[in-house]
Amino acid sequence: MASIAIIGTGYVGLTTGACFSHLGHDVICADIDPEKVARLQNGDVPIVEKGLDRLVDEGLRSGKLSFVVGAAEASKHAEFHYLCVPTPQSDDGSADLSYLQTAAKEISAVLPENSVVVNKSTVPVGSTRVVARVLGRSDVAVVSNPEFLREGTAVSDFLQPDRIVIGSRDQEASIRVAALYSRIATPIMVTDPVSAETIKYASNAFLASKLSFVNAIATLCEAVGADVNDVVLGMGYDSRIGREFLRPGPGWGGSCFPKDTKALARIAQDAGYDFRFLNEVLQVNEEQFDRTAKKVVDSISDEVSHKHIAVLGLTFKAGTDDLRDSPSIEVLKRVAASGVRIKAYDPAVLAEDNNMATMYPDLEIEVVSDPYIASEGAASLVILTEWDEFTWLDFDKLAEIMEGSSIVDARNLLDPTIPRRRGFDYIGIGR
Ligand code: UDX
């Protein structure tokens, strides 16, 4: 088994470190925040990831997982050094590599001979060369090993991946990194670093394109009177299309798709290719936010226009507590701009935590702790995130307590016959 340093303990770093220790490796995770390191060393996992707290606890107990402050402290005795630091989006759409460069600088002096440095974070095409240049160590190989983790299923995505991609021109380094995954039964492909980095961006951009396509088809279905749920079901039987990622919604978001698609469009532009198709995918997504917001505003009848609306779902998707780049927030920014008052409930967003006010200080929303408190006297009910509990709402009770009689279901979560039977005007997406 190997000794691995993980630099950065966000959802990629912490998941990677915990899973590598579960696979039997000796893992030291480093963060710059001493308080966060202390909490992690006590087994206190700050993110919602199924199974992650159990793996962290297992690693701490076995001694295979530990946490330290500072990258150099983790790297000085390790053979592999995974860079899992943030690569946020700069104002001009390109990826900000400052954290990556800082981390590389910090470990370059302490790296043991013949170490392998691995880019796990999503980094622009060509970053492997950037890291090698910053390290300035001819005895150290730099390898791209992109992550394909989805929030909410990151642990299972790591331990049962569809594939592992390794990008390096150093064959021995590639074999050494591949060996870290020897207990995982999945295809391992080795390519050059630029291709590995491009695989990551191209995969996310393709998935975002598939979603913009299905949202555009939903708009077409509304225009021609088709039911998008049946249309995508019929499409998905074709193995070349596949059933996954065909659910229409208010638009797509999260901490990756928006950042990665804009970064790829910028990478293409800088390389001299005007990636018009990808820019259109981004445009269709913005239009989906607009269209969904219009459905919400139009659902409020004049008699109750002075009332608030009840919004169910703030996170960017169900199963996570992540509010970053959430489609719900994009829609609500537009709804609030038209003067509508909003009371919102989300099972992963605690009213007392005040996360919304911290992240979106300009967005006037009252976060409440129960869907019926939000719905009391509401002009309209809007579902923006596909939390399963919203399927089981008591529509008889909602009909009694609401002022308005509209339900905008921006995730096509509900069977329309159920609210309609209770006199609601049901408005879905593409049906
Ligand atoms: C994504 C990629 O799936 C993952 O491989 C990559 O490593 C990181 O980015 P994630 O951001 O966790 O993962 O979310 P994902 O599950 O892909 O959903 C992204 C957005 O698309 C969410 O807003 C989600 O609600 C939306 N979505 C997803 C749909 O609207 N319809 C779908 O059918 C699937």
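Above this text you will find the structure in question.
Summarised in this report is the structure supplied together with it. Quick caveat, the model's predicted, so the values are computed rather than measured.

### Structural notes on unusual backbone geometry
Then comes step 1: Phi is positive for Asn-114, close to 60°, though the residue is something other than glycine.
Then comes step 2: Positionally, Asn-114 belongs in the loop between α5 (98–108) and β5 (116–119).
Then comes step 3: For Asn-114, a relative accessible area of 44% puts it in the partly exposed group.
Then comes step 4: Its identity as a non-glycine residue notwithstanding, Asn-412 has a phi of 50°, on the positive side.
Then comes step 5: Here Asn-412 shows up in the loop between β13 (406–409) and α17 (417–421).
Then comes step 6: When its relative accessible area of 9% is taken as the criterion, Asn-412 is described as buried.

### Some points on the site of the ligand
Then comes step 1: Neighbouring residues of the ligand: 19 residues in total, closest Leu-149, Glu-151, Lys-200, Lys-317 and Arg-411.
Then comes step 2: Separating an oxygen atom of the ligand from a side-chain N or O atom of Glu-147 is a distance of 3.3 Å.
Then comes step 3: A distance of 2.8 Å is found between an oxygen atom of the ligand and a side-chain nitrogen or oxygen belonging to Lys-317.
Then comes step 4: Among the elements that take part in the shell around the ligand, helix α9 (residues 193–224) stands out by supplying three residues, more than any other.
Then comes step 5: When the residues that make up the shell around the ligand are grouped by side-chain class, the tally is 10 nonpolar, two polar and seven charged.
Then comes step 6: Each of domain 1 (3–188) and domain 2 (192–431) accounts for three or more of the residues forming the shell around the ligand.

### Observations concerning the pattern of salt bridges
Then comes step 1: In this structure the tally under the stated criterion is 26 salt bridges.
Then comes step 2: The salt bridge partner of Asp-238 is Arg-240, with a shortest N-O separation of 2.6 Å.
Then comes step 3: Judged by relative accessible area, Asp-238 falls into the partly exposed class, the value being 23%.
Then comes step 4: Since its relative accessible area comes to 74%, Arg-240 is described here as exposed.
Then comes step 5: With a closest N to O distance of 2.5 Å, Lys-294 and Asp-298 form a salt bridge. Of this pair, Lys-294 and Asp-298 both sit in helix α12 (residues 276–298), four residues apart, roughly one helical turn.
Then comes step 6: You can call Lys-294 exposed: its relative accessible area is 51%.
Then comes step 7: Several salt bridges share partner residues, and in doing so they unite Glu-286, Asp-290, Glu-330, Lys-333 and Arg-334 into one network.

Conventions used here
- Residues numbered from 1 in each chain as written.
- Predicted model: local features only at pLDDT ≥ 70, side-chain atom pairs only at ≥ 80, totals over all residues.
- Heavy atoms only, no water.
- Helix = DSSP H or I, 4+ residues; strand = E, 2+ residues; numbered from the N terminus.
- Buried < 20%, exposed > 50% of the residue type's maximum accessible area, 1.4 Å probe, protein only.
- Near = heavy atom within 4 Å.
- Polar contact = N/O pair within 3.5 Å; in protein donor to acceptor, adjacent residues only side chain to side chain.
- Nonpolar A, V, L, I, M, F, W, Y, C, P; charged D, E, K, R; others polar.
- Domains from an automatic or database assignment.
- Salt bridge = Lys/Arg side-chain N within 4 Å of Asp/Glu carboxyl O.

These figures come from the coordinates and say nothing about function on their own.
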